[in-house]
Structures are given as C-alpha cells and as structure tokens.
Amino acid sequence: MALIQLYTRYNRVWIPDDEHVWKSAEIVRDFHYGDDCLQLLLENGTEHKYIVDSSPPELPPLRNPDILVGENDLTALSYLHEPAVLHNLKVRFLESRIIYTYCGIILVALNPYKQLHIYGDAIIHAYSGQNMGNMDPHIFAVAEEAYKQLARNHKNQSIIISGESGAGKTVSARYAMRYFAVVSKSGSKTQVEDKVLASNPITEAIGNAKTIRNDNSSRFGKFTEISFDNRYRIIGANMRTYLLEKSRVVFQAESERNYHIFYQLCACAHLPQFKALKLMSADEFHYTGMGGDIIIEGVDDRKGMEETQQTFSLLGLKEDFQSDVFKVLAAILHLGNVEIKSSGDDRSSISNSDSHLHIVCELLAVRADDLVRWLCNRRLVLVAETVVKPLPKDRAVNSRDALAKRTYAHLFNCVINRINKALQVPGKQHAFIGVLDIYGFETFDINSFEQFCINYANEKLQQQFNLHVFKLEQEEYMKEDIPWTLIDFYDNQPVIDLIEAKMGILDLLDEECLFPQGTDQSWLQKLSNYLNSNPLFELPKLSNETFIIQHFADKVEYQCKGFLEKNRDALYEELVEVLKASKFAFLAKFFQEEGQSVPNIKGIKVKPAKPGVKSANKQLRASVGDKFCSSLSLLMETLNATTPHYVRCIKPNDEKLPFEYDSGRVVQQLRACGVLETIRISAQSYPSRWTYFEFYSRYNVLMTNEEASLDDKTQTCKYVLQRLIQDPNQYKFGRTKIFLRAGQVAYLEKLRLDRLRAACITIQKYVRGWNQRRKYQRLRQAAILVQQYVRGKRTVRKAVSAANLKRGWSAVVIQRYWRGFRIQKSYQTKLTDLQSEVDGLIIKKQTMEKTFEASAQQQQEKFDQIKMTLLEEKENQARLRKIAENKLDIQREEHEKELAILKEELRRLKDERVSLKMKLEDGEQMSADLQDQVAQLTKHVKVIPELRRDLSNLQNQKQTIDRKMKQQSEEARAKLHDISKVLSGSVVKEEVLLGITADYSEKTYEAEDLLAAFNGLEKATRTLENHRKEQKEIYETQIEGLRLKVDYLQNENSSLQTFFTEKNNMNENIRQEVIRLSSENAVIPELKVQISELQRQKHECEVLVEEQRKELEEKADEIKNTLQKKVEEESSKCRNFEDQTQVLEEAKTTLQGQIKDLQEENDHLSRQLQMERDAKIRLRLEAAELSSRNLDFEEQLDQKERVIKQLENQMISLETAQKAQKTSSPVPKHYLGMLEYNLEDESRLIQNLILDLKPKGVAVNMIPVLPAYILFMCIRHADYMNNEDKLRSFMNATISAVKKVTMTHQNDLALLSFWLSNMYQLLNCLKQYSGEVEFSKHSTARQVNNCLQNFDLSDHQQVVSDLAICIYHQFIAAMERALTPAIVPGMLEHESLQGISSMKLRGFLKRSRKNNDDMETYTISFIIQRLSHFHSNMTQHGTEPHLIKQVVKQLLFHIGATTLNNLLLRKDMCSCRKGMQIRCNISYLEEWLQEKDFQSCHFIDTLKPLIEAAWLLQVSKSTDDDAKAITEKCTELNTVQIVKILNSYTPVDLFEKRVASSFVRKVQSLRQDHDSAAQLMMDAHYRFPVTFPFCVSSQALELLQVPSSLHLEFLTMI
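Read on for a plain summary of the structure. Per chain, residue numbering runs from 1 following the sequence as it is written. At least 70 in pLDDT is required for a residue's local features to be given in this predicted model, at least 80 for side-chain atom pairs to be given and counted, and no such filter applies to totals for whole chains, interfaces and linings, which use all residues. For side-chain calculations, the full set of non-hydrogen atoms in the structure is used, while hydrogens and water are omitted.

1. Remarks on the sheet that holds strand β18 (residues 546–550)
Then, number 1: If you trace the three strands from one edge of the open sheet to the other, you get β17-β18-β19, paired in antiparallel fashion. Either end of the sheet is taken by a strand with one partner, and the two such strands are β17 (537–538) and β19 (555–559).
Then, number 2: Two strands are said to pair when DSSP picks up at least two bridges between them. Only DSSP runs of H or I reaching four residues or more are called helices, and only runs of E reaching two or more are called strands; each is numbered from the N terminus. Taken together, the two bridges between β17 and β18 define a ladder with antiparallel strand orientation. Note that in β18 the partner of Glu538 across the bridge is Ile548.
Then, number 3: Against the sheet, helix α16 (residues 520–531) makes contact with β17 and β18, and its axis sits at roughly 40° relative to β18, the strand it touches most. Throughout, a contact is declared for two residues whenever any of their heavy atoms are within 4.5 Å. Here, axes are lines fitted to C-alpha atoms. For helices the fit covers the stretch in contact, and angles between N-to-C directions go from 0 to 180 degrees.

Given below as structure tokens:
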C-alpha cells in the first residue's frame, strides 16, 4: 500500500511548530493525489491548511497509533521519523516516568534530575543473565549485554557513553562499572571491585567542576578498561584520559567553579593537617573566586574531602603522597594570588613582600628570586648573544597562568597513573570491557579550541557508529536471506579529512604554531587560502575572526582567537628549569619527565581496524592538537577491536528541573548524538520486523476461514500479507521473520482495528436489538393488559341498568341468607362431632397419664436403687484400691530389698568362682609335680596295689559327688518350674474375665443388667486381688528357695575347699567336679527361655484383658442406647400430646382451660424427661469410673511387667559375666539395638554409608532414613561402652563426610533431599534417646530403656541441627536454580488462556535476540511438573511433612517474587490481558496445592503480591472510586510498586486506555499513610526461618537389619 493512501480522514500527522518543534493535527478530509493542501484540525480545535507541493507532494509525517506510543524500543514504531521519536520519549519520560529508551542498539538516557529507586542490588540481580530486549531499557541491561558477549564470544567489549555536559554521562558510567563489580565478584582479598568503584570520587574531584549546565561536569574524557580473567572476574582496571580542560584552572565563567578539589581543600583549611598549607576561604583565592559562586546547593565540600581521602587510602595511596598532592594544589591557589604589577615601558614586577609568593616558594621548594625573575622576564637566544627581555603585565600574567595550568595537568596525570598502578592486580588479563565517558557534540555562543577538539572526537565516534550500525543491518539481512540493497547513509569522512588530513585544519594549525610571529589571524588567512573551496568549510562575511565547519550534527562557528596559544600550550623554558631545580622531588619529577616521550599507556594491545592518520610534522615537538589526534587514533583502534555498545545521555531541560521536558533542547541533542541518523538508516529499509508466530498471533483476526484452517502458520502469514498488501515491494519474507517497510504496520493495525470495530458493532447491534425486542414485548404485554381492563369496563357499563341492578341486589340477598343457613346447619353438626371427639381424647389422656405416672415411678425407684448401689460400690472400690496400693508399695519395697540381697550374693559367688579358678590352676601345678613323683614311684613295685585301692576309693567318691550334683540340678529345675507356674497364674484372671464375658453375653441388656455388670466387675476385682496375694506368696517362696540355693552352694564350696586341702593328689577328680559346676550354670539360658515364654503369656493376658474391657464398654453403650430409646419414645408421646392439645385449642375456644391443665402436665413430663437425662449423665459418669478402674488394673499389670524386667536384667548381667569368662558364647536371640565396629573400620563405615551411598539404592528405598538409624546405633554402642574418644571421632567423621558429599553435589536434588531427611532423623534420634522427659514421654518403654547412659550429646545435637539447616538452604538453592529459568517464561510470558493474546510489535533488540538463542519453551505446566518432581523426591526420601511444607512455601515465594520483579521491569507485560494470563497461571498453582492437600496451609499468601499486581492490571483505573479500591485491596504491594505498575501500564489495542497522571497522583496521595517502604523490588532470595520440630520415631532399633548391599559386614549387632 502506498504511503499517500494513508492520509485519510481521522488519521493524524505532525506539523512543524516554533514552540514545541512538532505538534499534532488530525486530517479532516481525505487527501488525493493532485490536492494542493491538506485539511487539518489542530488539538486546540482550530482548523489549519497545510500547503502541499503538487509534484511530488511533500506531506507531513504521519503520527503513530496510540497503541505504539510509549514503546521500549523506538524501532518498534511504524513511522520512524523525528516527531515520532520526540513524542515517544516525551510520553515515556513525563507520563510513565521512564528515563531509558532503546533506539535499536542505542540506549537513550534522559537525565531525571532526581534520585530514582532503580539502581539497587536487587535490580542488578534482576537484569543479570537476561537478554537485552527482555527487560525494560536500563543501563544495567547494556552492561549485562556487554558482559554476556564478553563471556560468549570471547571478544573485548566497549560501552560508549556520550552526551552534553549535565546529561548524566558520569553517573551512567559509574552505574555500569558498579554493575560489573557486583555481577563479577572475584572473592579475592584485594577487593579490586571496590577499588575500581573507589577511583570515581578521586577522578571526579580533580577532573569535574560546576558549569552553567551541570553541577558535576566532567572536564575531561575518560576511557576505563576493566580487566577480567579467564573466569570473567575483575582483576584490575586502567584509565586513559583525554583533553583535560586546563584553562578552567585559571579561568571560570560567571556562576561556574574551578575543579572540586580546590574547594574541598579550602573547606578543610582549619583542620590541623592542612594548617601548613596556609589556605583561606575559596572566595579569597583568585583562581576559585572569579566565578562568583563557590557553593553548590546540596553539596558539602568538607565531606567531599573526607571521601577523597578515604578513597586515596582505599587505593593504597599513602598519606605522604596525599600530602604532596595537597601541597601542589595549595601552591597553585597561592600562585593565582601572586600580584603582578606593571612597571611601565612594557615591564612588570612582583613585590618581594608578596606573602603568597613566599608561600608558593615554600610549598614548591624553589627560590623566590628565580621564580620572580622568570615570571616577569624571558630569555631570548640570538646568534651572537643571549638577551633577557622584560615582559609586559599581560604576558607575565599569561606566563603565571601557563605555569599553573601545566603544573595542574602534570598533577592530574600523576594521580591517574598512581590510580592505574593501584588498580593493577597480579594475574593475566584475559579480556576487558572499556567504558568510555566522553563529551558529546557541543555548540555554544562562543566556541573555541576545546569545542573544536570535542567535536572532532565526536566526528570520529559518529563514523565508527555509522559503520557499526550499517554492519548490523547487513548481518540481519544476510541471516534472513533478504536481498541486500545499499542504503544511503551519512558518511562524515569528508569532515574528518577536513580536520586531520594533510593541509587540513590541524596541520595548518601546527604549521602556524612553528612560527614565532604566528597569530590567529594569519592562521585564519591560511585556512581561507587552502580550504575555501571545501563545501564543508565557510568564512562568515561579517566577521574576520571566525570560521564555520559543517559537522554531522550541525554547523558550528568557531572563534579563532586563542587557537594558537592553546595548541602550543607554551611554558617558557626558564620557568621549567626553575621547577626542575626544586628540592620538592614530587614536583621536580613532573618536569624532568616532560622532555621524554609520551608515556606508554597501559592496556591491552589491539590490532587497528584502520591505519591511523600520521602527523605531518612528526619530527617536531608535539602540539596539543597532535597529542589529542594521536590519543584519539589509539582510542579508535581500541574501539574498532571491540564490540561497541552505545549510551546517549540527553538533557531534558537546561534548568535542571526534575521530569521537565523541553522538546527544543531534546531534539537538538538527538540530532547531535546520532539517534535520528540511526532512525533514518533503519527507516530506509524494512524497519518493522515480525516473527511469523508474532505476526500470526497479532493479525489472526484478519484471516479468512480457509487461511486460518491451514496447519503451516508460516505459509498462512504469507497468504494473508499478500492478500492485504498488494505491493510486494512493501514487505519481504525471511527465513524466520517478515520485513515490512515504514507505515505498513500502521496500515495493518488500521485494518485490524477496523475488523475489531466491525465485530464490536455487530455484537452491539444484536445486543441492542435483543434489548429493544425485550422492551417492546414488555410494552406490548402491558398494552394488552390495559386493553383488557378497558374493554371489560366498557362492557360492564353497557350491561348496567336500574332493573338489572334491582334483580342483582335481590339475588345477592337471597344468596346471603341461603349460605348462612347452610353454614349454620353444618356448624351444629361439626360441633356435636367435635364434642364427642374431645370427650374421647380426654379419657385417653387420663389413661395415658396414669400409665405414665406408674412407669415413671418405677423408673425412679430403679434409678435410686442403682444410684445407691453404685455409690456403695464406688466407696468399696476406692477403699480396696487404697489398700491394694499400700500393699503393692510394701511388696515393691520388700522385693527391691530382696533383689539387692540377691545381687550381693551373686557378686560374692562370682568372686568365689574366681578364687576357685585360681586354686584350680594351683592344683594343675601340683598335679604336674605329682606326675613327677609317680615317675619315681614306678620304681617301687610294692606300692602299686595300694595306689589301686586309693584309685577305687576316689572313683567311689566321684560317683557320690555326681549323685549329689544331679540332685541339686533336679531341685533347681523343680524350683524354676514352680516359678513359671506362679508367673503364669495370670491365666486364672483370664478365665474369670472370660466367665464374666460369657455371663454378660447371655443377658438381655435391660436397665437391671447394670447391677449384674457391677457384681461381675467386683468379682473380677476380688479374683485379681486374691491372685495378687498368691503371687506375692509365690514370689516370697521363690526368693526363699533362691536363698537356700545360695546357702547350699556356699556350703558345697566350703566342703570342696576342705576336700581340696586334704587330698592334693586328687586334682584330676576336682577338675571334673568344676566342669560339672560350670554345666550347672548352663541352665541359665534355659531360665531365660522360660522367662521369655512367661513374658509372651503375660502379653496375651494383657490382650485378653483389653478385649474384655472393650466388650464391657460396648455393653454399657448398648444399655445407654436402650435407655435413650425409651426416653425418646416418651418424648415422642409428649409431642403427640402437644399436637392433640393444639388441635383441641383450634377446634373450640371453650376448651382453653383444659388445654392449660394439659400444658401443666406436659411441663411435669418435661421435668421428668430432664430427670431421665440427669440419670443418663450419671450413667455416663459411672461408665467413666469403670474405665478408670480398668486403667488401674492396667497399671497393676505394668508394675508386674517392671518386676519381670528387673529379673530379666539380672539374667542379662549373669550372661554378660559368662561372656567375659568364656571365649565363645551361644548366638544371642535378643538384640539391644546397637552396632559394634572396630576403630580401624571407622573410615570404611563412613565411606560405604555416606560417601559412596546412592539414594536410589534398593536397600535405602525400603527404609529411606536407614543411614540415620545405623549411625545412631553406632553412637549408642560407643555410649554403651563409655568410649568418649570413639564417640567424638565418629561424630566428627560423620559431620565432615555429610558436609563433603553435600558440597560436592550441590545440584543433586535427590542426594540433598536424602541427606536432609537423614540428618533430620538423626537429630530426632539424638533427642528421643537423650533421656530428657520432654522428648521421651511419647516413646515406648523399650525405647526409654535404650536411652543414652553415659554422655550428654546436646552439643552434638546443635552441630547436627546446624548441618541440617545448611543442607536445607543448599536444597532450596538447588531447587531455585532448577526452577528460575522457567519462572518468567512460564508465569509471565506463557499465555494459558487461548484467544486472549497480549502480543505486540517487538523492537530491534527483542527481534534480533528472539531466535538467536535456542531456548527451551517453558510453560506453567513445566513449573507444576517441577514442583511435583520436588514433592515426590522429598516424599520418597522420607522427608517429614512439616519440612515439605516449609520447602513448598519457600518455592512459592521465590516464584511470586521473581515473577513480580520481572513484571515491574517489563513495561510490555503491564497490560490487562497479561494480568488475566498471570491470574490464570496462579490458579493452576492453587489447583496443585489443593491436589497435594496444602490448601489449609495458606501457602497461596506468599503469592499475594503477584495476585494483587495481576488484579491491578485488570481493574478499572480512571475514577476516584477506583483509586480508593486500589488503596484498600493492594495491601501487600507498596506505593512504589503500585505507581510503577500504573505508570508502566500499556494498552494492547485501542480499546484500552492509558492511566492518567492525575490518577497516579491520586493513588499516591491515598497511599501516603499505608507504608513507608520505598523498595521497588522484592528480595527473591529471602529465606523464611526453617524449624526442625521434634518428631518421635516408632521404629524399634533392635528389629533393624543392615542390608548386605551396603557392604557393612564388619558391623556386629549387639
């Protein structure tokens, strides 16, 4: 479609305006080819005719649709021209309060002259890792893009920041460097990042000054190279400076200041360290007071000096160096106050009494007479002689000022060099990012040599910028396979040649400076002679002291006065010699190095992209222009070897007012900084570029049904575009994008809006028709009804006459009497029937009352009997319970005493056994001696018969002893059998209770059965009491038997000892006797088996008692239910009586008295009912007492169990004593829940159980927290053995190993979840088995017995708790890392609601990076899948539910905070449709929480800020009521966030409206008292405090088995 066809009615255009540069107007009438004017309507309502040339018509630029206004990227505008750019910046700056805007690859930054909350660390972290087009424009986005390309492309980067003075260049550069310092923390002790940032205060102090336009204007150019290592961490920095404004040292215009450092010194003149400098107030010095304004509002120079000194110290510049710097600065100030007087005849002089002169000489350590002489004189070297020529006053003053300027320049360079040395850190530089803070194009009323050099530098930068933009455009076309056509763009090479080529301006200037008699006028004449033919060079006709150069931005007129002097920068050699001879080494070194070559600039060596321009007079001394040209060439070589990024700073107004926009000043700077040139280059080709998906999503409403049904969306887009735009030259199809010429997007938007408007009209048509049809039908029905009444009235009037009225009245009278007669007759009949019914009811009522009174009396008697019986039983049971308790206490004390005696006896027997063993060893020695004697006796044959007789006697004695031992063993077995019978006597109780149960099962559960139940319970109680007495007697008998056994064993041992002393030759038989005694001890395992069998029988008895107790409770409940049914029947009868009484009351009023009597009777019945209820309550209390008695029985059983456990402990102690004596023991059948290992196996245990263990092992999946139990069982054994060293070593090894494995696998969610659960379980085990009451009160009796005995592990509990917290935070961080890449695409960008698209045209940056990165497509389903994966992972590893809840809460907070932070920084996402999409995505999270049973935990509250933001995007935002609603409902969002969302709200189409500034101010005023937080971003990395509440474990440690798959065979179960 041709552009001229868009000039139709209702479209808007821009026309020139003197005040606002451009103003908007609406087309009144369609424009056709050949018309001579365009009919317009201005915004103020006046009509305007815009004259148009007929051939070809030069029409005013079209205005973009409102939907495109306020875009983040200017290249997203359909019409790219100057007024569109100007208006878009104005809308963003004034309405949305946004200072940054993209223009292709340029970041345009408007100075707000106000502190904004958009530079915090949270903002830095939000931009870190993001693509440049994904977030709102920001200086951090440019810095992140440079940092990302540095790491991705391994190529050096540069950020070029330019603009006028006061536009904010220095601040932008500072923020860029701060971004690099934050995101690339080195972690080294050198703190190089802090040093890089700390260099800014020094450079600003010595290089910045107040000007008319800026209070902190940089008066030099600075290129800072930030060096990075191979891990892209900052390792150092280097600064290069350009063209310091030395003239400011000696001259300042009105309302301007000298460099800040001078005023900082004067402000601190009273301090002791500055007393020697003899400073005064700044207004008393000539060099600091000539501007007239020595104070900057809001700036404290004293604090500035403190910050400067602190920065010097941070950079490692010692106080000696600082003192030298301050001496030179003070000397410069005093030098300016040295008064030079005129002495006539072109002579000048300085008084010897000048105090400032002496101070200067003292500070600089020079001779006063030499300094005075050569300030006022000059030495001329002629052919034959040397002449000293006096100088006039003006030249002497110039000489003084030249000395001050040269000295300050050397001092400036010295400080910069020292800073560079301080910023150099040992380490190899891998790459760098350069930040160029340089002056922008300048044009003033009077432009001199400084402006000429500045504009020359900007010409070079503009050329580099044009080539870079041209290159990017070409790459974009080639990537999309679009035919490349040459674009005409402005090439400023002719201007550069005019300045730097041979016989150019600089070359002629250097040539003229060689002549001693050269003047500015003679140089200007040379320019006229050589350059007059150049079209870019002009000489004004009305002036002979200026010349004009046509720069790329504008024509600039330069004053030639002072060019030669400033270019020479001459200082007489005599003064240089005076300073060289100074005893102040710091100063003398400046001028001693002056004759040397230009110092080598430290930096990375780069290969120039283009050979530099060689100086024409290289053999001569370099002038200022030549030095500047060389340094600029080196800078361009560096920039050409890097990937540049551009920031253009703009001053919105000259008055420094916050958020004020002067269109004239802004457009002037836009023209000068190359932004409009970028727009022009982009507009000449195909500026609008859409991906096929974006085009399809946006313009699917323009598709036909056939086109929409195609599966190939790319082909569909082609068909649609070919149908809508007939001219194929207006678009091109690339591989992934559609390229459109300027104006075509606006045309497509117009078609789309027309289609939507037509659809809206159609919908409105049918809705309005439906409303009108309903309204018509209601009116028609009302009309019909009115007609009916009117027609009926007319008919009645026609039928009414006197005769008809009389007949009608007569009929009415007859009917009345007849009806009265009939009713009276029927009434009498009904009255008779009703009276008979009432009499019958009265008789029935009396009968029922008698019956009810009789039954109630019977029930009352029964209840009284039951009550008395229960009270008596209660008293008896209480009395018996007290007696039983006293008896049990006495028995317990006696048993404890007897057990203590037994223990003593057993210990004594043990000692005796040891002594017997020793005697046995002595006997063996004696037997050896006897054998020797036998060998001797064999010689004596006569003695053999006697020995045989002795042997037979010994055998007989042996047999006798055997019989005695057998009898003793049989007696012991019989006694043990009796003990087992006594302990199994509880079976009698079982039979008694079973008998009671059987008796109860045969009864019909009436009220009288309660008495029988109580009798049965009483019998059971007596039986149990008798059984307890019998058991006590059996226990006493058992203890007596054990005493007898002990006495017998003692006697036997004494007889054996006597026998041993008498018969030494019988030691063999004694050994056999000892073996039999040991076999008798083997009976102990059999006793243990019997005790375990008795324990099993006791447990069965307890189970039976519990079952019987439950049956009794069920029977009591059945009795209660039966009584309740009877009561309900009686209550139903009462209700029937009430109903009958009500019927009688309605039937006849004469029965009211009788009804009152019935009501009184009913009240009586209700009181009886209340009595029945009281009885029911009493029954419940009695049942409760029965249950309490059952509990008493259970306590008695527990006491018996404790007695059995005491006996069992005694048997265990005997068994352990046998283990200590025997080398081998039988395999135990009962474990204590401990694991034993040797100390040398500790490393194997840690390696197999912790370091090499995989969470997915089969054994671990059976019991997820098995390692925790194994570790604790090893800890228990160390405690049991009272081995403190082993315990400490094991705990330290365990903690270290778990730390190592979790730190090594920080991203392994399964492993972190696994060890989090195990450390939590280990912590619970340490608490549960610590023996503390608060932890062991829920443990079983077995677990209480297994508590730790020897060591207090509370300190280790704290260590394990800290380790669990550390693992928890690692686990959370790992999940956040896995989830973060999907949060913004899934929650913010993904559109869950189909058909509600918020897609808009993207800018150049978004388009160019949209398809470059093959990023995974994330949706809300992916996020939910990840959450489900996390949940299942924790569940599989046995994580406690409350810990899972804490994790889910933390993850939801991270999701909400990350999404909200990105929403706040993305203006393109702030729309009504996007709010609907966000709320839909949140609803999916709510469904997931409900699915996992988390809806009662209020986790959704963590998403409240995001929910409120989504609601804020959807709600109406226009009236005062809307403002109040926002204030009331947005309780989680602070005012800054609400205002940010309102200002960023962007309509997706023309049916939405922008938020008015007045509405935003209204919301701000209403929110003044709501919060005081000024933080824009939420802290997405905030951690809720984690707690580990104690959870009791029911796992029995003695039942655990160590799987063989863990390879822990060296562990032994104890």
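2. As for the sheet that holds strand β23 (residues 737–740)
Then, number 1: Strand order in the open sheet formed by three strands is β21-β23-β22, and the pairing between neighbours is antiparallel. Here the strands that pair on one side only, and so sit at the sheet edges, are β21 (688–691) and β22 (731–733). In this sheet, adjacent strand axes meet at a mean angle of 20° when their direction is disregarded.
Then, number 2: Pairing of β22 with β23 involves three bridges; the strand directions are antiparallel. Bridging from a neighbouring strand, Lys732 pairs with Phe739 of β23.

3. Some details on helix α1 (residues 82–95)
Then, number 1: Multiply 1.5 Å by the residue count of a helix minus one, and that product is the helix's expected span. Here α1 is 14 residues long and its end C-alpha atoms lie 20 Å apart, about the 20 Å a rise of 1.5 Å per residue gives.
Then, number 2: In terms of residue burial, α1 counts as a mostly covered element, since 11 of its 14 residues are buried.
Then, number 3: Looking at the residues trailing α1, positive phi occurs at Arg97, about 55°. Exposed residues in this analysis have more than 50% of their type's maximum accessible area, buried residues have under 20%, and partly exposed residues fall in between, with area computed by a 1.4 Å probe over protein chains only.

4. Quick notes on the pairing of β18
Then, number 1: Extensive coverage of β18 is indicated by the burial of four of its five residues.
Then, number 2: Where β18 lies against β19, five bridges are found, and the strand directions are antiparallel. When the bridges of β19 are listed, Thr546 appears paired with Gln559.
Then, number 3: Here β18 folds back onto β19, and the loop between the two strands holds four residues.

5. Here's the deal with α16
Then, number 1: With 12 residues, α16 should reach 16 Å at 1.5 Å per residue; the first-to-last C-alpha distance of 16 Å fits that figure.
Then, number 2: All of the buried residues along α16 are Asp520, Trp523, Leu524, Lys526, Leu527, Ser528 and Leu531.
Then, number 3: Packing partners of the buried residues in α16 comprise α14 (493–500), α15 (505–513), β17, β18 and α17 (563–568).

6. A few points about unusual backbone geometry
Then, number 1: In the Ramachandran plot, Arg97 falls in the positive-phi region, its phi being about 55° despite a non-glycine side chain.
Then, number 2: With respect to the helices and strands, the residue Arg97 is situated in the loop between α1 and β5 (100–103).

7. What about the pairing of strand β3 (residues 37–42)?
Then, number 1: Summarising burial for β3: five of the six residues are buried, a large majority.
Then, number 2: Taken together, the three bridges between strand β2 (residues 21–27) and β3 define a ladder with antiparallel strand orientation. Looking at the pairing, Ala25 lines up with Leu42 of β3.
Then, number 3: In terms of strand pairing, β3 meets strand β4 (residues 47–51) through five bridges, oriented antiparallel. When the bridges of β4 are listed, Leu41 appears paired with Glu47.
Then, number 4: Connecting β3 to the antiparallel partner β4 that follows it, the hairpin turn spans four residues, and Gly45 within it adopts a positive phi of roughly 95°.

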